[in-house]
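Residues per chain, in single letters:
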Amino acid sequence: MAHMTIAVSEGVFRRSFDLLKRNLIIERADSMSFGSFTAGYDVKAHLEGGSIDLRNDGTLQLRELDVRWDRLRLTLGLDLPELCVGGGCVDMPWPIPDICLPRVCVFSGDPDVSISTDLAAFVAQEISFTARLVVRYFDASLPLPSPDLCAPLRIEPLPDHNQWRIHIDPETIDVDLFDFPDIVGNLVEDALTGAVTALIPGGWVRDLILAIIGSVADLIRALLDIPDEIEEWLSDLFNVSFGLLDFIGTLVLDFFSRCNPIYQVDDPLEIMPASNGLIPVRIPIRNLSVSVNDAEMVLQADVGA
């Protein structure tokens with residue numbers, strides 16, 4: 001058999017990776033109930049930046065790949081306990097009519113308060129991973145798995161012919177935690193406090209209700225079971241309760257490792273197109289392997305029947 005070697009420089013590899021990463025869109029929406037309140041999110045993001053290096057140990061390292069949030073919308077709904085003031089009558093001796101006090105109830109809705117705010121401008125994540133390149137063979141004659149989990153992540157349709165496919169296979173992946181600054185905590189708290197206060201009638205009714213419940217902000221914290229630092233609560237909500245970090249990590253892993261090759265080689269490989277009534281010339285590719293060093297990626301294969 002003849003032998004074939006193809007080398008791809010580190011610079012070309014970086015450009016190929018850049019083209020591939022641009023096609024990954026992170027998008028998800030969900031909501032959860034936590035007793036007296038509900039929380040939901042609707043997010044969309046893409047990838048930018050990052051530096052990728054080929055290394056002599058056969059791995060490649062990606063550092064500081066930015067997750068840029070196009071949308072990071074948080075929705076909170078509060079079901080406040082109903083509170084009524086006034087009401088009742090004082091019996092007066094005849095002929096004086098009874099005196100009945102007005103009755104006012106607040107927080108009778110379900111939920112009473114719902115706010116939605118976009119936090120995309122305040123939040124950023126970075127992804128880093130160490131990976132190896134792996135070769136997988138696509139046999140067009142075999143049926144796809146059911147369900148086809150790669151369908152929503154696949155950039156290009158699968159070919160109708162056999163193909164060697166080179167994938168980036170992360171060994172470890174690290175996604176920065178959601179870390180919301182003080183300004184975001186204040187933004188959410190102010191929005192909730194304003195929405196709750198708007199439900200309370202003015203005048204003596206408001207004064208009486210506020211005297212009963214105390215600080216509206218303290219009431220909200222008690223209902224949400226959060227500490228004084230609401231930004232820490234938000235971080236826990238996104239990092240743990242919603243599980244967005246796990247979702248991002250799994251999505252990135254599936255996108256590169258399973259669903260989209262960075263390079264592909266047709267089998268058989270066309271080396272001369274059809275011309276002047278002659279059929280194209282194609283050669284079978286066997287035993288394709290891939291390796292990397294700090295300067296290039298190298299493909300090697302046997303050529304022939």
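Whatever comes next refers back to the structure up there.
Definitions and limits used
- Residues numbered from 1 in each chain as written.
- Predicted model: local features only at pLDDT ≥ 70, side-chain atom pairs only at ≥ 80, totals over all residues.
- Heavy atoms only, no water.
- Disulfide = S-S within 2.5 Å.
- Helix = DSSP H or I, 4+ residues; strand = E, 2+ residues; numbered from the N terminus.
- Buried < 20%, exposed > 50% of the residue type's maximum accessible area, 1.4 Å probe, protein only.
- Phe/Tyr/Trp six-rings, centres within 6.5 Å; stacked < 30°, edge-to-face > 60°.
- Core = buried A, V, L, I, M, F, W, Y, C linked by side-chain atoms within 4.5 Å.
- Contact = heavy atoms within 4.5 Å.
- Salt bridge = Lys/Arg side-chain N within 4 Å of Asp/Glu carboxyl O.
- Pairing = 2+ DSSP bridges.
- Axes fitted to C-alpha atoms, helices over the stretch in contact; angles between N-to-C directions.
- Parallel < 35°, antiparallel > 145°, perpendicular 65-115°, else oblique.
- Nonpolar A, V, L, I, M, F, W, Y, C, P; charged D, E, K, R; others polar.

**Q** Quick rundown of the state of the cysteines? Include the residues and the values.
**A** Enumeration according to the criterion identifies two disulfides in this entry. A disulfide bridge connects C84 with C105, and the sulfur atoms are separated by 1.9 Å. Measuring the twist about the S-S bond at about 110°, one finds the C84-C105 disulfide to be right-handed. Highlighted residues: C84 in strand 5 (residues 83-86) and C105 in strand 8 (residues 103-106), separated in sequence by 21 residues. With a relative accessible area of 33%, C105 lands in the partly exposed category. Each sulfur in the disulfide pair C150 and C259 lies 2.1 Å from the other. The S-S bond linking C150 to C259 shows a torsion near -75°; that makes this disulfide left-handed. Of this pair, C150 sits in the loop between strand 10 (125-138) and strand 11 (163-175) while C259 sits in helix 6 (residues 244-259), placing them 109 residues apart in sequence. With a relative accessible area of 7%, C150 lands in the buried category.

**Q** Before we move on, can you summarise the packing of aromatic side chains with the specific residues and values?
**A** The final tally for this structure, using the stated rule, is 13 aromatic pairs. Considering the side-chain rings of F17 and F256, the 5.3 Å spacing of their centres and the 20° angle between planes classify their relative orientation as stacked. Placement of F17 in helix 1 (residues 10-21) and of F256 in helix 6 is noted, with a sequence separation of 239 residues between them. Taking 5.2 Å as the distance between ring centres and 45° as the angle between the ring planes, the aromatic pair formed by F180 and F238 counts as tilted. With a gap of 58 residues between them, F180 in the loop between strand 11 and helix 2 (182-198) and F238 in helix 5 (residues 230-241) connect regions that are remote in the sequence.

**Q** Please set out the nonpolar core residue by residue, giving values where relevant.
**A** Nonpolar side chains in soluble globular proteins generally cluster together in the buried interior. Counting residues in each nonpolar core, the largest one holds 85 residues, and the members touching the most others are F13, W69, L72, I168, F178 and V188. When near neighbours in sequence (up to four residues on either side) are disregarded, W69 contacts V43, K44, A45, A120, V123, Q125, F178 and I248.

**Q** Could you give me a rundown of the pattern of salt bridges, with the residues and numbers involved?
**A** Following the criterion strictly, the structure yields 16 salt bridges and no others. The salt bridge partner of D42 is R71, with a shortest N-O separation of 3.3 Å. One end of the pair, D42, is in strand 3 (residues 37-54); the other, R71, is in strand 4 (residues 60-78), with 29 residues separating them in the sequence. Taking relative accessible area as the criterion, D42 reaches 29% and is therefore assigned partly exposed. A relative accessible area of 22% means that R71 is categorised as partly exposed. Between R282 and E270 there is a salt bridge; the shortest N-O distance is 3.5 Å. Of the two residues, R282 sits in strand 14 (residues 281-283) while E270 sits in strand 13 (residues 269-272), which places them twelve residues apart along the sequence. By relative accessible area, R282 is classed as partly exposed at 47%. The network of salt bridges with common partners includes E10, R14, D53 and R63.

**Q** Lay out the environment of L299 in plain terms, naming residues and giving numbers.
**A** Of note, L299 is situated in strand 16 (residues 296-303). Counting along the chain gives ten residues from L299 to S289, while the straight-line C-alpha distance between them is 5.8 Å. Ignoring anything within four residues of it in the chain, the contact list for L299 reads M4, T5, I6, I166, V265, L288, S289 and V290.

**Q** Give a description of the pairing of strand 11 that names residues and reports values.
**A** Two strands pair when backbone bridges link them, and strand 10 and strand 11 are joined in this way by twelve bridges, in the antiparallel orientation. Each bridged residue has a counterpart across the sheet, and for S128 the counterpart in strand 11 is D174. As defined by bridge partners, strand 11 adjoins strand 12 (residues 263-266) across four bridges and the pair is classed as antiparallel. Along strand 12, the bridge assignment pairs R165 with Q264.

**Q** Let's hear about the packing of helix 2 against helix 4 (residues 216-224): which residues, and what values?
**A** How two helices sit against one another is set out by the angle between their axes and by the gap between those axes. Running from N to C, helix 2 and helix 4 point in directions that differ by 110°, and their axes come no closer than 9 Å. When the interaxial angle is binned, helix 2 and helix 4 end up roughly perpendicular. On helix 4, the residues that touch E189, L192, T193, V196 and T197 of helix 2 are V216, A217, I220, R221 and L224. Partitioning the contact of helix 2 with helix 4 into residue classes produces six nonpolar, two polar and two charged.

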